[in-house]
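Structure assessment
As a plain string of letters, each chain reads:
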Amino acid sequence: MSSEVALDFHSGVSSLHDTHHSHDEHHHHETFISKYVFSMDHKMIAKQFLITGMFWAVLGGFMSVLFRLQLGYPDSTFPWLEDILGKWAKGGHITPEAYYALVTTHGTVLVFFVLTAGLSGTFANFLIPLQVGARDMASPFMNMLSFWFFFTAGIVMLSSIFVETGPFSGGWTAYPPLSALGDASPGSKTGMDLWIVSMALFVVSSLLGGLNYIATVLNMRTKGMSMTRLPLTIWALFFTAVLGVLSFPVLFSGFILLIFDRNFGTSFYLSDIFVNGAGALPNEGGSAILYQHLFWFLGHPEVYIILLPAMGMVSEILSTNARKPIFGYMAMIGSMFAIAILAFLVWAHHMFVTGLNPFLGSIFVLLTLLIAVPSAIKVFNWLTTLWRGNIRFTPAMLFAIGFVSLFISGGLTGIWLGNSALDIHLHDTYFVIAHFHIVMGVASMFGMFAGIYHWFPKMYGRFLNNTLGYVHFWITIAGAYLIFWPMHYEGLAGMPRRYYDYSIWESFKQFSDLNRFISTVAMIVFATQILFLANFFYSIFKGRKLRTANPWGSNTLEWTTPIKPGHGNWPGEIPEVYRWAYDYGKDGTDFISQTTPVGADESVH
Amino acid sequence: MVLVKSSQADGRIHPQKFVLWVAMGSIVMMFAGLTSAYIVKKSQANWLEYSLPLVFWYSTIAIITSSITINMALKAFKAREMRQYRTLITVTSLLGLLFMGLQISGFANLEARNIPLFGSKSNSATSFLGVITILHMLHVLGGVIALLVIFIRAYVSKIKNYSSLPIEIISTYWHFVDFLWIYLFIFFNWLR
């Protein structure tokens, strides 16, 4: 089937305005390898990113279940833990080294592999060509490389779990000296080498992907698709790519200096260190704070790299399922632009207690709190889009509304943490854990789930099971609040993050029941995600078949393609665009596709 | 990729050229990160003051010359003077390699003056010079490899290729690494 599509695509290409498209004429019949493995079709690459991301989500999520076992039941033993973890859980009790390794790997994997590659890798690849009206990405080959760099990064990270000294265990931020000195801890040896190799590969993957996304959005839009007619998903994915392309290289330079400190005896980050068993080190004059600056210059934009795609998809899904135009389209773009700019100017709010000059700190407080303005604009726009809408509560819509809820709850605590004075008390406590898990972790997962439920029919030509979707949503949203809400109280009471056992601390003993409760809910929520995965993989093969090309009554271009689009997306010419993506309920019409010319009796947008 | 046009009818920039510009922005960010780290580090204690080896002046001349030769190569390609074009990209590649060789001899000069770049006796001031310069050399090497690819293609390919896009992209990149070095050279000499 794909070969006919490819043929059509070549006959149609000559009349297109983007004449640069040049596919090799000899590659019509696709083999298993070229279709499913080294595919250059953006839709297949998106699925590869999604399923690889799912693998990492399960592994990273399972790690959190394991360390929650330690936190919730510090005195109990679980013999089965020794069966799966071996010497890392002698006698059924997770060792401190294993605990730190689990926390570190959980963070790295979830932030980078799941919520960066799994989220924007999937949806930027899938939606950008389909929604801007392009046959494929600007460079399909680079796109394929992007996935395989990510995949290799994953293999390297996975292998670090199996080395004798264990994976890196110094926290996902990999601060020196723990990350720079092999003698500092077991995880700082081979585990850290593999961590840094994996992350370097990941940065390359992100850059290759990001370059492509930017070039595709700016250069390959179909006729009539001006920038202000783009769906908000594309705007969000565009800003995400810009943030990634500008901030990942800085992280990379931080890593390079780290590699030199680790392997070539330089002193960028190291000074006056005495290691137990190894003695005093010769390194002098280095500054560990320098690494933190370089890390958080990426680290903070990274938060928006994770969040913006979810925001974009939520905007699209809310509007489609409320059967109303998005409220404040230009304000949405403007606020995303403001967020993208501010993302680069607030990194030091992660470093208020590093001895940062308090005057400098106050500037970063101001800039940090400024982010509340565009964030609030977005929230009000989402709420006013819902207001008096004709809402269809599909699972995608529920997850989108759940995203808005979580973004509000998590965003409000950001205003607390952005104050350098409050941060003295709250820094490195469970309050921070609660804040960023809600606003960035769970909220973005909700955006991702919304996107999967909404675009699954486009991906596989079948629907996900609705009932399982509702079960998935309600348990996950209740669970998310039950897990992270109590952590605010623990944090306000001063309970620090990253401790192995709180039951030995007089001040935190009071929370042992609460910790057990959190751990129990975490296990239930994790099991529910397995339910979702079962739904996902079952529905790929056995789900209810899609009968119409546009199941949600949506305006955007991806729904004008055939139910199962081949490589090249549209069998004939790429449709022309005449209007923005949000003409829902206009002049009494339920929806008007972007490809419909503006009628004579119609008010022009 | 044989059908690729170098400039589009509607005057929009070619996507691959655009990708290059974004990539160059990305590379700039990496060096901006490193040089700002350098500035931060410099204001702290234990910073070694030393004079740069003279040979960096020669390497600067070499890379500026190579920018001129690649520009001439591009002009030769567009005029379909293929023999001249091949000579010029060969000269450009050799100048690129010469540049790298001169940089390495600069490092050797520092080592000889007992100012090690790396290792436990090194100072961050010279380590920074080493890391930044080596990273820049790798970018030059990337350009040399790209030139090598189109050089081989010019000989091997039986199909005549009239698209000047590859050489245009490489020459833009080549000028970019040239400017990047000039920036670094000024930075190391006078801004530090």
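Being a predicted model, the structure only gives us computed values, none of them experimental. (Residues numbered from 1 in each chain as written. Chains lettered and ligands numbered in written order. Predicted model: local features only at pLDDT ≥ 70, side-chain atom pairs only at ≥ 80, totals over all residues. Heavy atoms only, no water.)

1. Quick look at the overall build of chain A
When its secondary structure is counted, chain A shows 17 helices and four strands. On the principal axes, the C-alpha backbone points of chain A span a range of 80 × 55 × 50 Å. Carbon and sulfur atoms provide 68% of the accessible area of chain A, an area that totals close to 22000 Å². Averaged over its 30 positive side-chain charges, chain A has a centre that lies 10 Å from the centre of its 34 negative ones. (Helix = DSSP H or I, 4+ residues; strand = E, 2+ residues; numbered from the N terminus. Areas by Shrake-Rupley, 256 points an atom, 1.4 Å probe, with all protein chains shown as cover. Lys, Arg positive; Asp, Glu negative; His and termini not counted. Charge placed at Lys NZ, Arg CZ, Asp CG, Glu CD.)

2. What about the overall build of chain B?
Within chain B, the secondary structure is distributed over five helices and zero strands. Along its sequence from the N terminus, chain B presents helices and strands in the succession α-α-α-α-α. Across its three principal directions, the C-alpha atoms of chain B cover 60 × 35 × 25 Å. Looking at chain B as a whole, 51% of its 192 residues qualify as buried. Counting only contacts in chain B whose residues sit at least 6 apart along the sequence, the fraction spanning at least 24 positions is 80%. Counting only carbon and sulfur atoms, one obtains 69% of the accessible surface of chain B, whose full area is about 9200 Å². Within chain B, one finds 16 positive and 6 negative side-chain charges whose respective centroids are separated by 6 Å. (Buried < 20%, exposed > 50% of the residue type's maximum accessible area, 1.4 Å probe, protein only. Contact = heavy atoms within 4.5 Å.)

3. Considering the nonpolar core
Counting residues in hydrophobic clusters, the biggest one holds 258 residues, and the most contacted among them are Trp382, Phe403 and Phe536 of chain A. Setting aside residues up to four positions removed in sequence, Phe536 of chain A forms contacts with Leu50, Ile51, Met54, Ile452, Phe456, Tyr460 and Leu464 of chain A. (Core = buried A, V, L, I, M, F, W, Y, C linked by side-chain atoms within 4.5 Å.)

4. A few points about the interface of chain A and chain B
The extent of an interface is frequently quoted as the accessible surface area lost upon association of the parts. At the junction of the two partners, chain A supplies 37 residues and chain B supplies 35 residues. Between chain A and chain B, roughly 3000 Å² of surface is buried when both sides are summed, and carbon and sulfur atoms account for 69% of that area. Where chain A meets chain B, there are zero salt bridges. Applying the counting rule to chain A against chain B returns four residue pairs in polar contact (both at pLDDT 80 or more). (Buried area = accessible area lost by both parts, 1.4 Å probe. Salt bridge = Lys/Arg side-chain N within 4 Å of Asp/Glu carboxyl O. Polar contact = N/O pair within 3.5 Å; in protein donor to acceptor, adjacent residues only side chain to side chain.)

5. Digging into the packing of helix H9 (residues 288–322) of chain A against helix H1 (residues 15–42) of chain B
Following both chains from N to C, one finds H9 of chain A and H1 of chain B inclined at 155°, their axes separated by 10 Å at the closest point. As judged from the angle between their axes, H9 of chain A and H1 of chain B are roughly antiparallel. Relative to H1 of chain B, the crossing made by H9 of chain A is right-handed. Of the residues in H1 of chain B, those in contact with Leu290, Leu294 and Phe297 of chain A of H9 of chain A are Met29, Gly33, Ala37, Val40 and Lys41 of chain B. (Axes fitted to C-alpha atoms, helices over the stretch in contact; angles between N-to-C directions. Parallel < 35°, antiparallel > 145°, perpendicular 65-115°, else oblique. Left-handed = near helix turned anticlockwise from the far one by under 90°.)

6. Here's the deal with the confidence of the model for chain B
Residues and elements named next belong to chain B. In this model, chain B carries a mean pLDDT of 88, and residues with pLDDT of at least 70 account for 91%. When mean pLDDT is compared element by element in chain B, helix H2 (residues 55–78) scores highest at 95, while helix H4 (residues 124–156) scores lowest at 90. Overall, residues 1–9 carries pLDDT values under 50, and its contacts beyond four positions in sequence, including any with other chains, amount to 22 contacts. (pLDDT = per-residue confidence, 0-100.)

7. Quick notes on the packing of helix H3 (residues 42–72) of chain A against helix H6 (residues 140–160) of chain A
Two quantities define a packed helix pair, namely the angle between the helix axes and the distance between the axes. Residues and elements named next belong to chain A. Where H3 meets H6, the closest approach of the two axes is 10 Å, and the angle between their N-to-C directions is 15°. Between H3 and H6, the crossing angle belongs to the class labelled roughly parallel. In this structure, the crossing between H3 and H6 has a hand that is left-handed. Touching His42, Ile45, Gln48, Phe49, Thr52, Phe55, Trp56 and Leu59 of H3 are Pro140, Asn143, Met144, Ser146, Phe147, Trp148, Phe150, Phe151, Gly154, Met157 and Leu158, all from H6. Among the residues making up the contact of H3 with H6, the classes are represented as 13 nonpolar, six polar and no charged. (Nonpolar A, V, L, I, M, F, W, Y, C, P; charged D, E, K, R; others polar.)

8. Considering a nonpolar patch on the surface
Residue and element names in this part refer to chain A. Where nonpolar side chains cluster on the molecular surface, the patch consists of Phe380, Leu383, Ile408, Leu412, Ile415, Trp416, Leu422 and Leu492 and spans about 700 Å² of accessible area. Contributions of two or more residues to the nonpolar patch are made by helix H12 (372–386) and helix H13 (395–417). Tallying contributions element by element places H13 first for the nonpolar patch, with four residues. The class for Ile408 is partly exposed, based on a relative accessible area of 30%. (Patch = residues over 30% accessible without salt bridge, like charges linked within 9 Å, V, L, I, M, F, W, Y side chains within 5 Å.)

9. What about the pattern of salt bridges?
For side chains of opposite charge, pairing can occur when their charged atoms come near one another. Residues and elements named next belong to chain A. This model, assessed by the stated rule, comprises 11 salt bridges over all chains. Here Asp193 and Arg262 are joined by a salt bridge, their closest N and O atoms 2.9 Å apart. Linking Asp193 in helix H7 (residues 190–219) with Arg262 in helix H8 (residues 232–263), this pair joins segments that are 69 residues apart in sequence. Taken together, the shared-partner salt bridges connect Arg579, Asp583, Lys586 and Glu602 into one network.

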